[in-house]
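Reading the structure
Chain by chain, the residues run as shown.
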Amino acid sequence: MTEHARIRPTETPRHFRWWPRQRPRFRPPTRLEILLGILALGIGLAAGLSYAWLLAPVPAVDTEPHQLHRLARAEYMVSILLRWAADEDWAAAIRSLEELEIGEDIPAAVAELACELVGRGYTQKGSGFRAIQQVVRFYQRAGASGCADVLGLPSGSAALVQITAPAPTALPTATSGATALPAPPSTTRAFQLSRLETHCEAATAGLIIVYVQEPDSRGIRGQRVRVSWEEGESFFVTGLHPGQDPGYGDFAMQRGRSYRVELPGQSAPSAALLARSCQARGRILLRSYHLTFRPAK
Amino acid sequence: MRSLALVLLVGFGAGLGAWLGQSLLPVELTDNHPETLSASARTHYIINIAFAYAADQDLAAALDRLTFLGISPVGELVLTTTESAIREGWPLPELRALARLSADFGMMSQPLIPYLPAAP
């Protein structure tokens, strides 16, 4: 038996230890090391916060009205004041405007925003003109004034939303770049059917397609259209189809029925449009009608 | 050894900062677009427009103002908002105004019927 064979397997050689001969003594960090540590932590924290706040902020969802950009806040403000014009609830309007955080002096802030909207051509549409009138009425009632004052009606006027605004003149003392204001367009215009076509194609089979346009072919959004047949009627509005022209609207016919189309109160009814079959490329389809309404000359 | 500790501290600080900045103290963004409005704020806005429409009957103006929200199709937006408002039990004047606007956009559903004026 050799020398090695006599060593028992479980026996640890004397020169081998699992622990150090001497445990290292803890050396307290120097002031410089503490300072460097704090600095490193600070640098890391600043980098992390910069990343989270500047480079990759949490995407804006569920934002509140006061977080909107300035012009959007102005639009929201107009909606609040349009509601106030309808229900005359002053306290509710003030509460809503406070949530908008437009400024400490709410009437003055409203006057300033109204001025800004006027300067950006908000009153070029009749609806914008009437809306600004309500805004002016609001802040004037609170004793404020602004460059949009010229749009206000004489004090004591009632039911402002229902009256036609007088044609305004140039702003005499505009302070924010506001220029002469155009007369608001009339709310009711007469239209006439300027084109009527029939088509036989799969994409529009069975549809009455209506375009309401300005004389220069620009589509008019929000125009109410009436489709009537013997037993009933239906209404639709132009501009509700995403991706289509603003003056576009359509209605699905039923085979065999006869329809008339008009802009209620603004045009005469069209001739009767019969939903009947047609043939295209060997297929039997329901024909479609394309009608274009334009302002009457 | 000292350099390793410093690197670890920087890393720890960065992680802590990112977590704080994204979860506990997220930055409040301003200059947001109307598309990001909360459902509640959007409902209030639509109700405001419905009241305005009830007063001026200008459907084109109502459509223009609702387009501001950047959500299409507008008709469906008004319909779903009205149905939600009915479920949530909003006051009657609000529901009537919403139902009427929705109906005038040609968007109708069964829950809206009680809030619409009876046909002559």
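The structure reproduced in this document is the subject of the present report. All of these numbers come straight from a predicted model, not from anything done at the bench.

All names here are of chain A. Taken in spatial order, the four strands of this open sheet run S1-S10-S2-S5, and their pairing is mixed. Pairing within the sheet leaves two strands with one partner each, and these edge strands are strand S1 (191-199) and strand S5 (248-252). Taking each pair of neighbouring strands and ignoring which way they run, the sheet shows an average axis angle of 20°. In this structure, strand S2 (residues 207-212) lies alongside strand S10 (residues 288-295), joined through five bridges in parallel fashion. Bridge pairing links Ile209 to His290 in S10.

The subject of this paragraph is the pattern of salt bridges. Residues and elements named next belong to chain A. What the rule picks out here adds up to 15 salt bridges over all chains. One salt bridge connects Arg70 with Glu116, and the closest N-O pair in it is separated by 2.8 Å. Of the two residues, Arg70 is situated in helix H2 (residues 70-87) and Glu116 in helix H4 (residues 106-119); the sequence distance between them amounts to 46 residues. In this structure Glu116 comes out as partly exposed when scored by relative accessible area, which is 22%. Residue Arg195 is joined to Glu197 by a salt bridge in which the shortest nitrogen-to-oxygen separation is 3.7 Å. With relative accessibility at 31%, the residue Glu197 sits in the partly exposed group.

A separate point is the interface of chain B and chain A. Taken together, the contact between chain B and chain A spans 54 residues of the former and 51 residues of the latter. Across the chain B/chain A interface, buried area totals approximately 4,400 Å², and carbon plus sulfur atoms make up 63% of it. For the interface between chain B and chain A, the tally reads four salt bridges. Close ionic contact of A:Arg224 with B:Asp104 constitutes a salt bridge, the shortest N to O distance being 3.6 Å. On the surface where chain B and chain A come into contact, there are 15 residue pairs in polar contact (both at pLDDT 80 or more). Elements represented by at least two residues in the side of chain B that touches chain A include exactly helix H1 (2-24), helix H2 (39-56), helix H3 (59-67), helix H4 (74-88) and helix H5 (92-104) of chain B. The greatest single-element share of the side of chain B that touches chain A, amounting to 13 residues, is contributed by H1(B). When its residues are assigned to classes, the side of chain B that touches chain A shows 30 nonpolar, 15 polar and nine charged.

What counts and what doesn't
Residues numbered from 1 in each chain as written. Chains lettered and ligands numbered in written order. Predicted model: local features only at pLDDT ≥ 70, side-chain atom pairs only at ≥ 80, totals over all residues. Heavy atoms only, no water. Pairing = 2+ DSSP bridges. Helix = DSSP H or I, 4+ residues; strand = E, 2+ residues; numbered from the N terminus. Axes fitted to C-alpha atoms, helices over the stretch in contact; angles between N-to-C directions. Salt bridge = Lys/Arg side-chain N within 4 Å of Asp/Glu carboxyl O. Buried < 20%, exposed > 50% of the residue type's maximum accessible area, 1.4 Å probe, protein only. Contact = heavy atoms within 4.5 Å. Buried area = accessible area lost by both parts, 1.4 Å probe. Polar contact = N/O pair within 3.5 Å; in protein donor to acceptor, adjacent residues only side chain to side chain. Nonpolar A, V, L, I, M, F, W, Y, C, P; charged D, E, K, R; others polar.

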